[in-house]
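Listed below are the residues making up each chain.
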Amino acid sequence: MNNEELLAYRQQIIEDAIRMKKKPDRTPHFANYWTWKILDSGYKLSEALYDWDKLEDSTIKFQKKYGFDMLVDDGVRDPMQVIEPIGQSSYEVDDEKEIMNIRDVSFMSPDDYDLFLKDYPRFLWEVVLPNKANRFNSDLTLEQFGEVFNRFNGYAKCTQNIVSRLNTECGTPAGMLSTQSTIPGYEQLFNFYRGIKGTASDMRRIPDKFKAACDLLDEMQLYPALEQLKTSTRRANASVDFIGLMLGHTILSIKQWEAFYWPSFKRMLDAVVAADKTCYIFSEGSTKRFWSYFKDLPKGHFAFHVEQDDIFEFKKELPNCCAVGGMHASLLGGGTKEQCVSYAKHLIDELGGEGFILSQDKMISYRNDTNPENLKAVCDFVREYR
Amino acid sequence: MIEKVTDQLIRALGELDETQVIICVKTLLENGVDRFCIQSLLNEGMKRVGALYETGEYFIADLIVSGMIYKNVLELPRMRYVPKLGERVAGRVLVGTAEGDVHDIGKDLLKSVLSANGFDVYDLGTDVPPKTFVSESTRLQPDIIAISGVMTVAVSAMARTIQALSDANLRDRVKVIVGGMCMSEELSREIGADAYSPDPLEGVAVCKNFLLKTS
Ligand code: B12
């Protein structure tokens, strides 16, 4: 197969796995690989995270070596260098430990909700920016501010290059960063504004304001994007039509889920169904206590990543949804080649066919998360096994 | 009257009603109720929170808030209590998240449950290198070290920490309990920890047991 044919083939097996109308030619394999890609390609973390060319190179090298059907991280997950000229405090790279730290920070205080709700652009400018970029209000020059835009350009170009080279040189469809995606208001507050502790506290102490902020973000961003979904056509290089995130559910009780999460999340799921699209939900942690909400989703639209839950149980409880995952980081990192391949075979024998995409449970980040030889063996096996 | 307020306090903490909790505590203090008595009432309230967590009514966000309320009460002027070095409370515990890992939600939950049970808790924060565990153990002489971690890298960091404690000849003076979602019973044994628990409440029971055995 040439790369064009390979791209079409991969798109088809992913489509078949999610649509669940016919058995895909073989089980598709998604890469849940993050900073590990950099380490495996021989760069230090800081080298690649601060040099777009090296970052691009590490991603392409990775895909040429292993040959996945889709890279969830197909671009630049952590573009910390973009805002560095105006100061950033949430990221830290440690080359000796081969670790990138992200701190759980809140970029606003509970008192700032009033401005958030009254004048959102002003809130971003006066509250979020100075909190996020710690040099924003001090001795900042116009040149430094301009440099942020230069770097943003570099970032956009890097993402574009990666996606296009994955398509043309590796016959690989688009992943998370280059697929249409919208983040509900709750997830935004959780991930970008208030952090985990702030979110937990606001839901209890000032639930009305918190909910109003979720709703405002949904009105401004989520609902218009869902409107667009109705008429949008699939991109030529797509793996799926739409990607959703499920991260902030990890702390929610059922009551909170029903108050803050489910209404807009359901609207998103309904829009996907109404537009007859396919959607991959990148979900972290355990989703089990919410499975009953997904039971009635029509078959053939959704693929959920399974991190902490038992993937066999997921398939049993939600036969209407495609499961993504199954391969444990602990096995890839600590097992033998034979054990890894035999477990991959077991997963495919039990779950393969419609409704299953093989992937790694965790976001693979650290060197010991995977032994490269194990990964190579699993990837080769999955491509051949029918 | 006092009895009514004590009931109210327990109920308010169980319901995570922070304003009410603070009002009750202030009233009790004004009426001469001592800080230890108030703390034991708080602990009753925390037990209710734990029970509601177990039934699924509460989840992590609620536990985080219960920890915040608890901490805020203990920081009220007349509630504050700093044990002197060398002074024994239920026992002294050093807690920290393993090197390389900055996740602290689980660690903080553990910390509030330990404090609620009368332990004298020292928090070393997150991303704590083995050498810090060693130097702080030498300085503070804890009975127990509790290490938390959620990321795969935390496993080897915990192993290195336990090794470093042995190298510094501290291992037989201190018990090590590990937890967090990177851990399992089996792994904890492999790395030479004294105990593992997936649950802070159970973890505290284990810590109490350690002390019973050593005393
Ligand atoms: C919240 C979170 C974050 C927050 C952390 C906020 C904070 N203040 O802690 C933020 C956003 C900052 C973050 C950052 C990152 N994260 Co993160 N994060 C999570 C998440 C969603 C939840 C973790 C959590 O707090 N759980 C809730 C707590 C309560 O659970 P717990 O710690 O296990 O604690 C319970 C028990 O275990 C017990 N316990 C805990 N400790 C102890 C100790 C003892 C002694 C005892 C007895 C009991 C006990 O008590 C608790 C209550 O029951 C997980 C995904 C998931 N699985 O849910 C990913 C996850 C842990 N993160 C991950 C990653 C990769 C990262 C990042 C590298 C960023 C990235 N590229 O996304 C960074 C950097 C982190 C670093 N260097 O540490 C990966 C790790 C993968 C791996 N290879 O190991 C995970 C698994 C996500 C995934 N999909 O793969 N993350």
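Moving on, we get to the overall build of chain B. Scanning chain B from N- to C-terminus turns up nine helices and five strands. Walking chain B from its N terminus toward its C terminus, one meets helices and strands in the order α-α-α-α-β-α-β-α-β-α-β-α-β-α. Taken over the C-alpha atoms alone, chain B extends approximately 55 × 40 × 30 Å along its principal axes. Considering only contacts in chain B between residues 6 or more positions apart, those separated by 24 or more positions represent 70%. Within the structure as shown, chain B displays about 10100 Å² of accessible surface, and the carbon and sulfur contribution to it stands at 53%. The centroid of the 23 positive side-chain charges in chain B is displaced by 6 Å from the centroid of its 30 negative side-chain charges.

Attention now goes to the pairing of strand S8 (residues 322-327) of chain A. Residue and element names in this part refer to chain A. Within S8, six of the six residues are buried, leaving the element largely enclosed by the surrounding structure. Pairing of strand S7 (residues 302-306) with S8 involves four bridges; the strand directions are parallel. Looking at S8, one finds that Phe-304 is bridged to Ala-323. Between the parallel elements S7 and S8, the chain passes through helix H13 (residues 311-317) in a crossover that is right-handed.

This part covers the domain arrangement of chain B. Residue and element names in this part refer to chain B. According to the domain assignment, chain B contains domain 1 (2-79) and domain 2 (92-214). Computed from C-alpha coordinates alone, the two centres of domain 1 and domain 2 are separated by 26 Å. Contacts between the two partners involve nine residues from domain 1, matched on the other side by seven residues from domain 2. Where domain 1 abuts domain 2, roughly 640 Å² becomes buried across the two surfaces, and 71% of that area is made up of carbon and sulfur atoms.

With that out of the way, let us pick up the nonpolar core. Residues Tyr186(A), Ile251(A), Trp257(A), Phe265(A) and Phe294(A) are the most contacted members of the largest nonpolar core, which totals 133 residues. Counting contributing residues per domain, this core is built from domain 1 (2-79) and domain 2 (92-214) of chain B, each supplying no fewer than three.

Right, let's get into the packing of aromatic side chains. Residues and elements named next belong to chain A. Counted according to the given criterion, the structure contains 39 aromatic pairs over all chains. Look at Phe-116 and Tyr-120: their rings are 5.4 Å apart centre to centre, the planes differ by 55°, and that puts the pair in the tilted class. With relative accessibility at 12%, the residue Tyr-120 sits in the buried group. Between Tyr-186 and Phe-190, the aromatic rings sit 6.0 Å apart at their centres with planes inclined by 25°, giving stacked as the arrangement. With a gap of four residues between them, Tyr-186 and Phe-190 both fall in helix H8 (residues 185-193), about one helical turn apart. The same class applies to Tyr-186 and to Phe-190, which are both buried.

You will see that the cobalt atom of the ligand has only one donor from the protein, His103(B) (NE2), lying 2.4 Å away. Counting through the fold element by element, His103(B) comes out in the loop between strand S1 (92-97) and helix H5 (105-116).

In this section: the environment of Ala303(A). Residue and element names in this part refer to chain A. If you trace the backbone, Ala-303 turns up in strand S7. In this structure the C-alpha to C-alpha distance between Ala-303 and Val-240, which are 63 residues apart in sequence, comes to 9.6 Å. Apart from residues lying up to four places away in sequence, Ala-303 is in contact with Ile-18, Cys-279, Tyr-280, Ile-281, Cys-322 and Val-324.

Let us look at the sheet that holds strand S2 (residues 120-123) of chain B. Backbone-to-backbone hydrogen bonds join strands into a sheet, with any given pair of strands oriented parallel or antiparallel. Residue and element names in this part refer to chain B. Reading across the sheet, the five strands line up as S2-S1-S3-S4-S5 and stay open at both edges, with parallel pairing between neighbours. Looking at the sheet topology across the chains shown, the edges are occupied by S2 and strand S5 (195-196). Bridge analysis of strand S4 (residues 175-179) against S5 gives two bridges, and the strand direction is parallel. Looking at S5, one finds that Ile-177 is bridged to Ala-195. Of the strands in this sheet, S1, S2 and strand S3 (144-148) touch helix H6 (residues 130-140), which is tilted by about 165° from S1.

Residue and element names in this part refer to chain A. Considering the arrangement of structural elements, one finds Asp-69 in the loop between helix H4 (52-66) and strand S2 (70-71). Reaching out from Asp-69, the side chain makes a polar contact with the side chain of Arg-10 at a distance of 2.9 Å. For Asp-69, the side chain forms a polar contact with the main-chain nitrogen of His-29, separated by 2.8 Å. With residues up to four places along the chain from it excluded, the contact list for Asp-69 reads Arg-10, Ile-13, Ile-14, Arg-26, Thr-27, Pro-28, His-29, Thr-172 and Pro-173.

Our next topic: the interface of chain A and chain B. In this assembly, 21 residues from chain A lie in contact with 24 residues from chain B. Interface of chain A and chain B: buried area, both sides summed, is about 2100 Å²; carbon and sulfur atoms make up 56% of it. The partner of Lys97(A) in a salt bridge is Glu99(B), and the shortest N-O contact between them spans 3.5 Å. Summed over the shared surface of chain A and chain B, the number is nine residue pairs in polar contact (both at pLDDT 80 or more). Contributions of two or more residues to the side of chain A that touches chain B are made by strand S4 (99-102), helix H9 (195-205) and helix H11 (254-274) of chain A. Counting residues per element, the side of chain A that touches chain B draws most heavily on H9(A), at seven residues.

So, on to the pattern of salt bridges. Evaluation of the coordinates by the stated rule reveals 48 salt bridges over all chains. Notably, a salt bridge pairs Asp73(A) with Lys37(A), separated by 2.8 Å at the nearest N-O pair. Of this pair, Asp73(A) sits in the loop between S2 and strand S3 (91-94) while Lys37(A) sits in helix H2 (residues 36-40); the two residues are 36 residues apart in sequence, bridging distant segments of the chain. Judged by relative accessible area, which is 4%, Lys37(A) ranks as buried. The partner of Asp94(A) in a salt bridge is Lys97(A), and the shortest N-O contact between them spans 3.7 Å. In this structure Asp94(A) comes out as partly exposed when scored by relative accessible area, which is 25%. In this structure Lys97(A) comes out as partly exposed when scored by relative accessible area, which is 30%. Among the charged side chains, a network of salt bridges with common partners joins Lys197(A), Asp104(B), Lys107(B), Asp108(B), Lys111(B) and Asp123(B).

Conventions used here
- Residues numbered from 1 in each chain as written.
- Chains lettered and ligands numbered in written order.
- Predicted model: local features only at pLDDT ≥ 70, side-chain atom pairs only at ≥ 80, totals over all residues.
- Heavy atoms only, no water.
- Helix = DSSP H or I, 4+ residues; strand = E, 2+ residues; numbered from the N terminus.
- Contact = heavy atoms within 4.5 Å.
- Areas by Shrake-Rupley, 256 points an atom, 1.4 Å probe, with all protein chains shown as cover.
- Lys, Arg positive; Asp, Glu negative; His and termini not counted.
- Charge placed at Lys NZ, Arg CZ, Asp CG, Glu CD.
- Buried < 20%, exposed > 50% of the residue type's maximum accessible area, 1.4 Å probe, protein only.
- Pairing = 2+ DSSP bridges.
- Right-handed = clockwise from strand over helix to strand, strands pointing away.
- Domains from an automatic or database assignment.
- Buried area = accessible area lost by both parts, 1.4 Å probe.
- Core = buried A, V, L, I, M, F, W, Y, C linked by side-chain atoms within 4.5 Å.
- Phe/Tyr/Trp six-rings, centres within 6.5 Å; stacked < 30°, edge-to-face > 60°.
- Donors = N, O, S within 2.8 Å, 3.2 Å for Na, K, Ca; no water.
- Axes fitted to C-alpha atoms, helices over the stretch in contact; angles between N-to-C directions.
- Polar contact = N/O pair within 3.5 Å; in protein donor to acceptor, adjacent residues only side chain to side chain.
- Salt bridge = Lys/Arg side-chain N within 4 Å of Asp/Glu carboxyl O.

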